[in-house]
Amino acid sequence: MRNGIAVQSKGFRRYQALGNPVSIVERLSSWAADELVYLDISPDDRYDLGRDDLGASNRSTALGILEDLAERTLMPLTFGGRIRTLDDAARRIDLGADKVAVNSVMLHDPSVVTAIADRFGTQCAVVVLDAVCSEDGAWIARDPTSKQATGRGVIELAIDAERRGAGELIVQSVDRDGKGLGFDLSLIEAVSKAVRIPVVALGGAGTHEHLADGLAAGADAVAAANMFNYTEHAVHKAKRALHDAGHPVREPELIEAPALTGGSDAA
């Protein structure tokens, strides 16, 4: 999510607008997705769809959008972005997030991860690691704020995140983001072997086979964005393919999302 609009990302540099993040939730819920992850990558505090005629609230803050998302979704909701303190995490959980995802705070103030885990339980503390591959083949963590490689190894950070109380890792390849060429399987395998907590693979999935490959590489779950945005019932079809191939996913079913009532901050 960028400035209040759901976007398609490619290489963490190019963003194509997809529309109202709350309306998209209705589609994903109906397709029986298992979990929703929204990462707020807004570069500033401007949150505006630029539309007031969509039949849904046009929120002016990320927290307002979160409140609408929590009301609308039928699946567990992980919300990340601009979480720098325990209070930031608490506000998001109070508004309906089941988990909070942190990224840059793991690089600059990892004590916040421990504070979140201590207060809300490790299941609420999700750490996102953005990985870039160096010329010598090593995976280096990328700072989402500066957009620069940090020099710190992703495996090292994954182990440290677990030690500090993280209950889950989302490991995403910057190099493969939005390309549809498949996950970085070597990265997923290495992180999965280094920690005991669940690892979610993200970045590069373009086919059902890519999802299966991520699970085979050791990921406990696989996540995707772009491949679910342009095909009708895309999540349902992906889950059906994985289920029929023998992977441990619930047999998919189409369900109806609840009606949106709007919020107090509606424009």
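Residues numbered from 1 in each chain as written. Predicted model: local features only at pLDDT ≥ 70, side-chain atom pairs only at ≥ 80, totals over all residues. Heavy atoms only, no water.

## Brief notes about the confidence of the model for the protein chain
Low-confidence regions, as indicated by low pLDDT, have predicted coordinates that should not be scrutinised in detail.
Okay, step 1: Taken over all residues, the pLDDT of the protein chain has a mean of 90, while the share at 70 or more is 93%.
Okay, step 2: Residue range residues 262–267 is modelled with pLDDT below 50. Its contacts to residues more than four positions away, or to other chains, number 12 contacts. (pLDDT = per-residue confidence, 0-100. Contact = heavy atoms within 4.5 Å.)

## Side note on the packing of helix α8 (residues 208–216) against helix α9 (residues 234–244)
Okay, step 1: Interhelical geometry of α8 versus α9 gives an angle of 55° and a closest axis separation of 9 Å. Between α8 and α9, the angle is such that the two are oblique. Every pair of crossing elements has a handedness; the one defined by α8 and α9 is right-handed. When α8 is examined against α9, the residues His208, Leu211, Ala212 and Leu215 are found in contact with a partner set consisting of Lys237, Ala238, Ala241 and Leu242.
Okay, step 2: Counted by class, the contact of α8 with α9 contains six nonpolar, one polar and one charged residues. (Axes fitted to C-alpha atoms, helices over the stretch in contact; angles between N-to-C directions. Helix = DSSP H or I, 4+ residues; strand = E, 2+ residues; numbered from the N terminus. Parallel < 35°, antiparallel > 145°, perpendicular 65-115°, else oblique. Left-handed = near helix turned anticlockwise from the far one by under 90°. Nonpolar A, V, L, I, M, F, W, Y, C, P; charged D, E, K, R; others polar.)

## Some points on the environment of Ala225
Okay, step 1: With respect to the element layout, Ala225 can be found in the loop between β11 (221–222) and α9.
Okay, step 2: In this structure, the C-alpha to C-alpha distance between Ala225 and Leu181, residues 44 residues apart in sequence, is 13 Å.

## Describing helix α1 (residues 21–30)
Okay, step 1: Of all 10 residues making up α1, seven are buried, and the element is well covered by its neighbours.
Okay, step 2: Taken residue by residue, α1 has Pro21, Val22, Ile24, Val25, Leu28, Ser29 and Ser30 as its buried positions.
Okay, step 3: In this structure, the buried side of α1 is in contact with β1 (6–10), β2 (14–19), β3 (36–39), α2 (62–72) and α9.
Okay, step 4: For α1, the N-terminal capping position is held by Asn20, with its side-chain oxygen 2.8 Å away from the main-chain nitrogen of Val22.
Okay, step 5: A positive backbone phi angle near 70° is found at Ala32, which sits one or two residues after α1. (Buried < 20%, exposed > 50% of the residue type's maximum accessible area, 1.4 Å probe, protein only. Polar contact = N/O pair within 3.5 Å; in protein donor to acceptor, adjacent residues only side chain to side chain.)

## A short note on unusual backbone geometry
Glycine aside, a negative phi is what most residues show, and trans is what most peptide bonds show.
Okay, step 1: Positive phi values are uncommon outside glycine, yet Lys147 reaches one of about 60°.
Okay, step 2: Positionally, Lys147 belongs in the loop between β7 (139–142) and β8 (149–153).
Okay, step 3: Since its relative accessible area comes to 45%, Lys147 is described here as partly exposed.
Okay, step 4: The residue His233 is not glycine, and still its phi comes out positive at about 55°.
Okay, step 5: In this structure, His233 sits in the loop between β11 and α9.
Okay, step 6: His233 sits in the partly exposed class, given a relative accessible area of 27%.

## As for the nonpolar core
Okay, step 1: Ranked by size, the top nonpolar core spans 66 residues in total, and within it Tyr38, Leu69, Ile116, Val127, Leu169 and Val191 carry the most contacts.
Okay, step 2: With sequence-adjacent residues up to four places away left out, Ile116 is seen in contact with Leu86, Ala89, Val100, Val102, Gly121, Cys124 and Ala125.
Okay, step 3: By size, the runner-up hydrophobic cluster in this structure holds seven residues, among which are Val126, Ile170, Leu202 and Ala223. (Core = buried A, V, L, I, M, F, W, Y, C linked by side-chain atoms within 4.5 Å.)

## Comments concerning helix α3 (residues 86–94)
Okay, step 1: Buried residues of α3: Asp88, Ala89, Ala90, Arg92 and Ile93, and no others.
Okay, step 2: Lining the buried residues of α3 we find α2, β4 (77–80), β5 (99–102) and α5 (111–120).

## So, the pattern of salt bridges
Okay, step 1: In the structure shown here, the tally under the stated rule is 15 salt bridges.
Okay, step 2: Between Arg59 and Glu67 there is a salt bridge whose closest N-O contact spans 3.6 Å.
Okay, step 3: Judged by its relative accessible area of 4%, Arg59 is buried.
Okay, step 4: Look at Glu67 and you get partly exposed, because its relative accessible area is 33%. (Salt bridge = Lys/Arg side-chain N within 4 Å of Asp/Glu carboxyl O.)

## Some points on the packing of helix α6 (residues 154–163) against helix α7 (residues 185–194)
Okay, step 1: Remark: α6 packs on α7, axes separated minimally by 9 Å, with the N-to-C direction vectors making an angle of 35°. The handedness of the crossing between α6 and α7 is right-handed. Taking contact as the criterion, the partners of Val154, Ile155, Ala158, Ile159 and Glu162 in α6 are, on α7, Leu187, Ala190, Val191 and Ala194.
Okay, step 2: When its residues are assigned to classes, the contact of α6 with α7 shows eight nonpolar, no polar and one charged.

## Structural notes on a positive patch on the surface
Okay, step 1: On the surface, Lys10, Arg13, Arg14 and Lys179 cluster together into a patch of positive charge.
Okay, step 2: Looking at the secondary structure, you find Lys179 in the loop between β9 (168–173) and α7.
Okay, step 3: With a relative accessible area of 44%, Lys179 lands in the partly exposed category. (Patch = residues over 30% accessible without salt bridge, like charges linked within 9 Å, V, L, I, M, F, W, Y side chains within 5 Å. Areas by Shrake-Rupley, 256 points an atom, 1.4 Å probe, with all protein chains shown as cover. Lys, Arg positive; Asp, Glu negative; His and termini not counted. Charge placed at Lys NZ, Arg CZ, Asp CG, Glu CD.)

## Structural notes on the side chain of Ser192
Okay, step 1: One can find Ser192 in helix α7.
Okay, step 2: Overall, Ser192 belongs to the buried group, its relative accessible area being 16%.
Okay, step 3: Here the side chain of Ser192 touches Ile188 through a polar contact of 2.8 Å, landing on its backbone oxygen.
Okay, step 4: Each residue touching Ser192, except ones within four places of it in the same chain, is listed here: Val199, Gly218 and Ala219.

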